[in-house]
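Residues per chain, in single letters:
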Amino acid sequence: MKANNTDKETRFDTLTDLGLRPVSQVFNQIRYWSALDDPDEEKWDYLSHYTRTERREMGLGVGGFNARPLIVCALILLLLIGVGTGGYLAWPYLSQQFSALGAASGAQMEVVTGYMVRLGSRDLGVVEDRAGMENFVSSWLAQKNAAAQEGIVYRIAQDITYEEVRIDAAYCATLEEVENAFVKHATLDLA
């Protein structure tokens, strides 16, 4: 037997050196030692004191009832019942809200012919009044040329294109919005 040096070895190492069976729980270890002391004494049923892992390793059936899956299933069932009941009770209110939302957003689709205004590679927006936009561009350029010094003539550096599209009226921009975008992004060049 090794010397009992508490600095270098633990109690578990000492018991292992004595040849005793190491187990994970101290209570079961004490019962095991007491049964070894008196062989004539009635033995405990050690099978009931093994852990589930020890029983599985020895090949014994891991019996018993596990309530965790049953509890999880019950909680999921209660959750589904609660959500279903809440949806049933809230449906009259929600259906009114959905119908009011649909009516406010113009559930009826109104298809119109619009024109996508492009300034170079930039999309300025879709307008229904192409002639109004063309008039604004020409009058804006005329104002810039009138304000310029004599002999200087400006032109718009980017190409302005109008592409005809079929679109819902809700997605058409107002003429003022597209005009503001044009003024913001247009670049003048000397002619």
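1. Comments concerning the pairing of strand S1 (residues 111-119)
And step 1. Sheet topology note: the S1/strand S4 (residues 160-168) ladder contains nine bridges and is antiparallel. Considered in S4, the bridge of Gly114 is made with Val165.
And step 2. Examined bridge by bridge, S1 and strand S2 (residues 122-127) share five bridges and lie antiparallel to one another. Looking at S2, one finds that Tyr115 is bridged to Val127.

2. Topic: helix H5 (residues 130-147)
What sets the pattern is the α-helix's 3.6 residues per turn: residues three or four places apart point alike.
And step 1. Under the 1.5 Å per step criterion, the end-to-end length of H5 is 26 Å for 18 residues, consistent within 8% with the ideal 26 Å.
And step 2. Of the positions making up H5, those classed as buried are Gly132, Met133, Phe136, Val137, Trp140 and Leu141. Each buried residue of H5 lies within a common arc of 165 degrees when the element is viewed along its axis, so the set occupies one face. When the buried face of H5 is taken as reference, the exposed residues oriented beyond 90 degrees from it are Asn135 and Ala146.
And step 3. With a side-chain oxygen lying 3.1 Å from the backbone nitrogen of Gly132, the N-terminal cap of H5 falls on Asp129.

3. Regarding the nonpolar core
And step 1. Counting residues in each nonpolar core, the largest one holds 16 residues, and the members touching the most others are Val117, Leu124, Met133, Ile156 and Phe182.
And step 2. Looking at this core, the elements with two or more residues in it are S1, S2, H5 and helix H6 (175-185).
And step 3. Ranked by residue count, the leading element in this core is H5, at five residues.
And step 4. Listed in part, the five residues of the second largest apolar core include Val112, Met116, Val126 and Ile167.

4. Focus: the environment of Ile160
And step 1. Here Ile160 is to be found in strand S4.
And step 2. Residue Ile160 is classed as partly exposed on the basis of its relative accessible area of 25%.
And step 3. For Ile160 and Val137, which are 23 residues apart along the polypeptide, the C-alpha to C-alpha distance reads 9.4 Å.
And step 4. Residues contacting Ile160, with those up to four places away along its chain left out, are Arg118, Leu119, Val137 and Phe182.

5. Details of H6
And step 1. Along H6, the positions that sit buried rather than exposed are Val178, Glu179, Ala181 and Phe182. The arc enclosing the buried residues of H6, seen along the axis, measures out at 160 degrees, which places them on a common side. Among the exposed residues of H6, those pointing more than 90 degrees away from its buried face are Asn180 and Lys184.
And step 2. The inward-facing, buried residues of H6 contact S1, S2, H5, strand S3 (154-156) and S4.

6. Examining the packing of aromatic side chains
And step 1. This structure, assessed with the given rule, holds two aromatic pairs.
And step 2. With a centroid separation of 6.3 Å and an interplanar angle of 80 degrees, the aromatic rings of Phe136 and Phe182 are classed as edge-to-face. Within this pair, whereas Phe136 is found in helix H5, its partner Phe182 is found in helix H6, the two being separated by 46 residues in sequence. One exposure class covers both Phe136 and Phe182, and it is buried.

Conventions and cut-offs
Residues numbered from 1 in each chain as written. Predicted model: local features only at pLDDT ≥ 70, side-chain atom pairs only at ≥ 80, totals over all residues. Heavy atoms only, no water. Pairing = 2+ DSSP bridges. Helix = DSSP H or I, 4+ residues; strand = E, 2+ residues; numbered from the N terminus. Expected span 1.5 Å × (residues − 1). Buried < 20%, exposed > 50% of the residue type's maximum accessible area, 1.4 Å probe, protein only. Arc of directions from axis to C-beta. Polar contact = N/O pair within 3.5 Å; in protein donor to acceptor, adjacent residues only side chain to side chain. Core = buried A, V, L, I, M, F, W, Y, C linked by side-chain atoms within 4.5 Å. Contact = heavy atoms within 4.5 Å. Phe/Tyr/Trp six-rings, centres within 6.5 Å; stacked < 30°, edge-to-face > 60°.

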